[in-house]
Amino acid sequence: MMAEQELKLAVPKHCRRAVAKELARGTVTQIALRAMYFDTINRSLVSKKISLRLRQEGRQWVQTLKMLGEHVLSRLELNHDRPGPILDLSVYVGTPAEPALASLTEPLQVCYETVVKRALRKIRTKQGTVEVAYDLGYLNAGQLSLPISEVEFELVSGDLSAIFHLGKKWQRSFGLIYDARSKAERGDRLMTLATKLSVANSGTVASDSIDSSKDIAWFWAQRGIGPVLLKPEMDIAAALSRVTAECLDQIARNAAILAEVDTANICRAGTPDHVHQLRVGIRRLRSAWSMFNGLTALPPMALREEIKTHFSQLGGTRDDDVLRETWLPVLEASGQPPIKLESEMTADNAGELCAGREFQSWLLDMLAWSIGVDLSPPSPPVSIALEAAPLNESAPGAADPAVGSASSQNTPFDDRATGNLQAQIIPLTPKAIVELTLTQTLSTKLKKWHKRVISEGLHFDKLDIEARHELRKRAKRLRYCLQFCEPLLPENRLKQYRKSLAVVQDVLGEMNDLSVASERFEGLKTTQPHAWFAVGWIASRLEVLTQDAMKAFKDLSGAERFWR
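Conventions and cut-offs
- Residues numbered from 1 in each chain as written.
- Predicted model: local features only at pLDDT ≥ 70, side-chain atom pairs only at ≥ 80, totals over all residues.
- Heavy atoms only, no water.
- Helix = DSSP H or I, 4+ residues; strand = E, 2+ residues; numbered from the N terminus.
- Buried < 20%, exposed > 50% of the residue type's maximum accessible area, 1.4 Å probe, protein only.
- Contact = heavy atoms within 4.5 Å.
- Areas by Shrake-Rupley, 256 points an atom, 1.4 Å probe, with all protein chains shown as cover.
- Pairing = 2+ DSSP bridges.
- 1 Å grid on protein atoms, 1.4 Å probe; cavity = no way out; pocket = protein on both sides within 12 Å on 5 of 7 lines; lining within 4 Å.
- Points joined across faces, edges and corners; volume = space filled by probe spheres on them.
- Nonpolar A, V, L, I, M, F, W, Y, C, P; charged D, E, K, R; others polar.
- Axes fitted to C-alpha atoms, helices over the stretch in contact; angles between N-to-C directions.
- Parallel < 35°, antiparallel > 145°, perpendicular 65-115°, else oblique.
- Left-handed = near helix turned anticlockwise from the far one by under 90°.
- Polar contact = N/O pair within 3.5 Å; in protein donor to acceptor, adjacent residues only side chain to side chain.
- Phe/Tyr/Trp six-rings, centres within 6.5 Å; stacked < 30°, edge-to-face > 60°.
- Lys NZ or Arg CZ within 6 Å of the ring centre and 35° of its normal.

### A look at the overall build of the protein chain
Step number 1: Of regular secondary structure, the protein chain possesses 17 helices and nine strands.
Step number 2: Within the protein chain, the proportion of its 564 residues that are buried is 46%.
Step number 3: Within the protein chain, contacts between residues at least 6 apart in sequence are counted, and of these 72% link residues at least 24 apart.
Step number 4: For the protein chain, the accessible surface area stands at approximately 30,600 Å², while carbon and sulfur atoms represent 54% of it.

Printed below as a string of structure tokens:
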């Protein structure tokens, strides 16, 4: 068994020629690959995060099983040469894969295949040797097919930073895009979609219930919040790494769909929901930084500051979508004349940002940091020049040798003083060090945030607009970080608190949406005077919500605590 460590980047169609040209600057090996991927009908291997394939590499057949490694870019890989397309499970006896394969209750079958032309080249860098594999081809499942256009940077020898330094160089040069999905993951999802469409078209489902567009949209569905499996025995740094990995996965997967890695110039897969979930992922990551601040090392300040710019640029899409789909229908039902709302930003704009070199570079930097790879250039050595005072000059504070007063002779620093100096010595007594567990450390931070949210929330009606906005962000941060810590906390004491906190966030979220909408309508009053109606209606609704917020904060203050 070997550990494979690689970084995979999607190659958009417009830069394929440039990537091929760059690869051809050295000795390139061309090879034709055709692989069959196996699983049970109920996807038993996928559920265990295992991929199993038979691949024809030129004239050679190789059987490969991959399992999760120690981090997101690492895979445990078992390779066995085969005499032909014959899958032999006996080779896994005595390996870490044996328990998973022994537990299968259904037969394995070919689920999907890949047909790829691969160009290989080894590149030596200052950090190590990297094998670059540029794959062009197709992924096939049933009657469906998806293009494969990606470049993999696999570490052959040296430091793991080598794949990032080289990968970032190519990313910035050619506009490559980070895609967290493996071929196996894409293939499994394509197989599931093919099965759904096959059932829908077989005539076994009522025709009025068939909507293939929803099934197709499911393939590129937005990536929502996932669980963070913290364990009490973890140290603080490992906990932050685990939280960061989850947040980055949410960010990267939604960004890849918005960047149209599968669908560029074919159809639009990215939606405002992807933008929303991308922003949620960024908020969760920034909330984690607040939670772990002062407890362990955070990413470099430059990375923490840069994401603020990207976040603000992604703001308009979701706000406009909520305004159109939620509030305009309510306003029109209440008597609002039709309003023309020009969108300030679309999913297309968000896609351009997500595919952009700056955002993708930030993503790779954060990915490297999350697995402990330092990409910062080494600091130059610091030399310190020490100047000795001339021998005929007294050191600062020393007695003047020209003055022979009695007072100068009594100072303990006078080198002419006689006798032995006496001093009290306090023995070395180590202070008792109390090491808090991960649960205690993070619970302390949550309790502190809870107290501040409650102290401000109970006076919500007295807060100005800016203070309410900041309180909303604190409540949202508390909810995100509570979700990170749920595996560490007693479930029976979380239920009521989670529910009360969710009510607070829902009320404050609606108020924020309406405040944003009110600003938009205020700006339309000069060209569309009937927007006055919307401004007035929103002001009335905000008064009602203020009272709802007061009650919600009161209920939260009385909810059962999740801490002891």
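### What to know about the pairing of strand β6 (residues 109–124)
Where a strand is regular, its side chains alternate between the two sheet faces.
Step number 1: The pairing of strand β2 (residues 29–39) with β6 spans eleven bridges and is classified as antiparallel. By the bridge assignment, Y37 is partnered in β6 with Y112.
Step number 2: Relative to strand β7 (residues 128–141), β6 runs antiparallel, the two being bridged by twelve bridges. Within β7, the position partnered with T114 by the bridge is L139.

### Some details on the side chain of R279
Step number 1: In this structure, R279 sits in helix α8 (residues 272–292).
Step number 2: Sequence-distant contacts of R279, defined by excluding residues within four places in its chain, comprise F311, L314 and G315.

### Remarks on the layout of surface pockets
Taking a probe equal in size to a water molecule and rolling it over the atoms shows the remaining empty space.
Step number 1: Here the second largest pocket defines a volume of roughly 1,700 Å³.
Step number 2: Forming the walls of the second largest pocket are 50 residues, and the residues nearest its centre are R283, H469, R472, K473 and K476.
Step number 3: Elements with a contribution of two residues or more to the lining of the second largest pocket: α8, α9 (301–313), α10 (315–333), α14 (438–457), α15 (465–485), α16 (495–524) and α17 (531–558).
Step number 4: Among the residues forming the lining of the second largest pocket, the class breakdown is 15 nonpolar, twelve polar and 23 charged.

### Topic: the packing of helix α7 (residues 236–258) against α8
Step number 1: The contact between α7 and α8 brings their axes to 8 Å, and the two run at 165°. If you check the angle between α7 and α8, you find them roughly antiparallel. The two elements α7 and α8 cross, and the hand of that crossing is left-handed.
Step number 2: A breakdown of the residues in the contact of α7 with α8 according to their chemical character gives 16 nonpolar, six polar and two charged.

### So, the packing of α14 against α15
Step number 1: Where α14 meets α15, the closest approach of the two axes is 10 Å, and the angle between their N-to-C directions is 150°. The orientation of α14 with respect to α15, classified from their angle, is roughly antiparallel. Regarding α14 and α15, the two cross each other, and that crossing is left-handed. Counted together, L442, L446, W449, H450, R452, V453, E456 and G457 of α14 and L471, R474, A475, R477, L478, C481, L482 and C485 of α15 form the full contact between these two elements.
Step number 2: In terms of residue class, the contact of α14 with α15 is built from ten nonpolar, two polar and four charged.

### Some points on the pairing of strand β3 (residues 51–57)
Step number 1: Most of β3 sits inside the fold, with five of its seven residues counted as buried.
Step number 2: One ladder, built from seven bridges, connects β3 with strand β4 (residues 60–68); its direction is antiparallel. Note that in β4 the partner of R55 across the bridge is V62.
Step number 3: Linking β3 to β4, which pair antiparallel, is a turn of two residues; within it G58 sits at a positive phi near 70°.

### A word on the environment of R468
Step number 1: Tracing the backbone through its elements, the reader meets R468 in helix α15.
Step number 2: Distance in space between the C-alpha atoms of R468 and N512 is 9.0 Å, their sequence separation being 44 residues.
Step number 3: If we skip the residues at most four places from it in the chain, R468 touches F460, D461, L463, M511 and T546.
Step number 4: Separated by 3.4 Å, the side chain of R468 and the backbone oxygen of F460 make a polar contact.

### What about the environment of L285?
Step number 1: Mapping L285 onto the fold places it in helix α8.
Step number 2: Residues L285 and Y480 lie 195 residues apart in sequence; the distance between their C-alpha atoms is 9.2 Å.
Step number 3: Ignoring anything within four residues of it in the chain, the contact list for L285 reads T244, C247, L248, I251, W362 and M366.

### Focus: the packing of aromatic side chains
Step number 1: A full pass over the atoms with the stated rule returns six aromatic pairs.
Step number 2: Considering the side-chain rings of F153 and W170, the 5.5 Å spacing of their centres and the 90° angle between planes classify their relative orientation as edge-to-face. Residue F153 is found in strand β8 (residues 144–158), and its partner W170 is found in helix α4 (residues 161–174); the two are separated by 17 residues along the sequence. Each member of the pair, F153 as well as W170, is classed as buried.
Step number 3: Pairing F359 with W362 gives two aromatic rings, centres 6.1 Å apart and planes at 35°, and the pair type is tilted. Here W362 and F359 lie together in helix α12 (residues 357–370), a separation of three residues that amounts to about one turn.
Step number 4: Ring-pair connections join several aromatic residues into one group, and the members of that group are F153, W170 and F174.
Step number 5: Over the aromatic face of W218 sits the side chain of K196, whose NZ or CZ is 3.9 Å from the ring centroid.
Step number 6: Cation over ring: K525 sits above W532, and NZ or CZ is 3.6 Å from the ring centre.

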